[in-house]
Structures are given as structure tokens and as C-alpha cells.
Amino acid sequence: MATLNQLHRQGRPRPEPPGTSPTFGRPQLKGVILKTMIRKPKKPNSANRKCARVRLSNGREVVCFIPGEGHNLQEHNIVLVEGGRTQDLPGVKLKIVRGKYDCAHVQKKKQ
């Protein structure tokens, strides 16, 4: 806690605005898929990561990672998006929630 003298000199500390997180201060956001794409990860890793360009309910367009093996997503599908960075994909800070709206659960592998 600041003393009265410190508050007088520096002013009150400002709380940071809620829009700094990837989901803009919310736990999840709904969105519509504009395009599905494949991205390549950063240097030591090599794979094809499945991503989607999504227009969120607040009007922003972001790139989201689609977790799990295989997906059924295509253009105009409605998805739920949550925060969660994919470490080897630069600029991808959101994940699509499997099993909600038009995104199906991950299918169990047959042995």
C-alpha cells in the first residue's frame, strides 16, 4: 500500500484494462469460421498444424488452433474459442473448444 506522500507525488495506480488478454477479458468467445488452413511451426519442430481464421462475436478476426487428431470444421461453422497459446505457432493465441457447437469431439482411435 502506498503512503499518502507517494499517492500525492505519483497519483493513483491505474488498473490495466480488461482487453489485454487474447479473449479480451472473457473466458470464452463464440465465432464463425472464415477459412481453415495449415500452418508450419517454428524452427526445431516440423509438422502441419491445423488452424482456422475465425470472426469472433466482438467483430475481431483471429487465427485459432484446432487441437486433436482430425476435425470436421469448414467455412461458416460456429465454434467456441478459448485462450491458450500454441508455443510453436507464432501469433496463434487461441484454441477452439472441441465438442461444442459445430466442432465435433475427437474420435477414439480404433486398434
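What you see is a predicted model; the values in this text were computed from it and never measured.

Rules used throughout
- Residues numbered from 1 in each chain as written.
- Predicted model: local features only at pLDDT ≥ 70, side-chain atom pairs only at ≥ 80, totals over all residues.
- Heavy atoms only, no water.
- Helix = DSSP H or I, 4+ residues; strand = E, 2+ residues; numbered from the N terminus.
- Buried < 20%, exposed > 50% of the residue type's maximum accessible area, 1.4 Å probe, protein only.
- Lys, Arg positive; Asp, Glu negative; His and termini not counted.
- Salt bridge = Lys/Arg side-chain N within 4 Å of Asp/Glu carboxyl O.
- Contact = heavy atoms within 4.5 Å.
- Disulfide = S-S within 2.5 Å.
- Core = buried A, V, L, I, M, F, W, Y, C linked by side-chain atoms within 4.5 Å.
- Pairing = 2+ DSSP bridges.
- Axes fitted to C-alpha atoms, helices over the stretch in contact; angles between N-to-C directions.
- Patch = residues over 30% accessible without salt bridge, like charges linked within 9 Å, V, L, I, M, F, W, Y side chains within 5 Å.
- Areas by Shrake-Rupley, 256 points an atom, 1.4 Å probe, with all protein chains shown as cover.

### Description of the side chain of R98
- Checked against the element boundaries, R98 lands in the segment after strand 5 (94-96).
- No salt bridge is formed by the buried R98, whose closest oppositely charged neighbour, E69, lies at an N-O distance of 9.4 Å.
- Once you skip the residues sitting within four places of it in the chain, R98 turns out to touch I66, P67, G68, G70, H71, C103, A104, H105 and V106.

### So, the state of the cysteines
- Per the counting criterion, the structure on display carries 0 disulfides.
- C51 takes part in no disulfide bond, and the closest cysteine sulfur to it belongs to C64, at a distance of 8.6 Å.
- Owing to a relative accessible area of 1%, C51 belongs among the buried residues under this scheme.
- Accessibility expressed as a relative area gives 0% for C64, which makes it buried.

### Brief notes about the nonpolar core
- Of all hydrophobic cores here, the largest spans 15 residues; its most connected members are V54, L56, V79, V81 and I96.
- Elements with a minimum of two residues in this core: strand 1 (28-39), strand 2 (49-56), strand 3 (61-65), strand 4 (78-83) and strand 5.
- For this core, the leading source of residues is strand 2, giving 3 residues.
- With residues near it in sequence (within four places) discarded, L56 still touches F24, L29, K30, G31, V62, V81 and L94.
- Of all hydrophobic cores here, the second largest spans 6 residues; its members include M37, C51, L89 and V92.

### Let's talk about the sheet that holds strand 2
- Taken in spatial order, the 5 strands close into a barrel running 1-2-3-5-4, and their pairing is mixed. Pairwise comparison of adjacent strand axes, ignoring direction, gives a mean angle of 50° for this sheet.
- With 8 bridges joining them, strand 1 and strand 2 adopt antiparallel strand pairing. Bridge pairing in strand 2 links T36 to A52.

### Here we look at the pairing of strand 3
- Within strand 3, 4 of the 5 residues are buried, leaving the element largely enclosed by the surrounding structure.
- Bridge analysis of strand 2 against strand 3 gives 5 bridges, and the strand direction is antiparallel. Bridged to A52 within strand 3 is C64.
- Where strand 2 folds back on strand 3, the antiparallel hairpin that results is connected by 4 residues, among which G59 adopts a positive phi of roughly 95°.
- Examined bridge by bridge, strand 3 and strand 5 share 2 bridges and lie parallel to one another. Within strand 5, the position partnered with C64 by the bridge is L94.

### Digging into a nonpolar patch on the surface
- A surface patch of nonpolar side chains, about 240 Å² in accessible area, is lined by V32, I78 and Y101.
- Mapped onto the secondary structure, I78 falls in strand 4.
- Classification of I78 as partly exposed rests on a relative accessible area of 32%.

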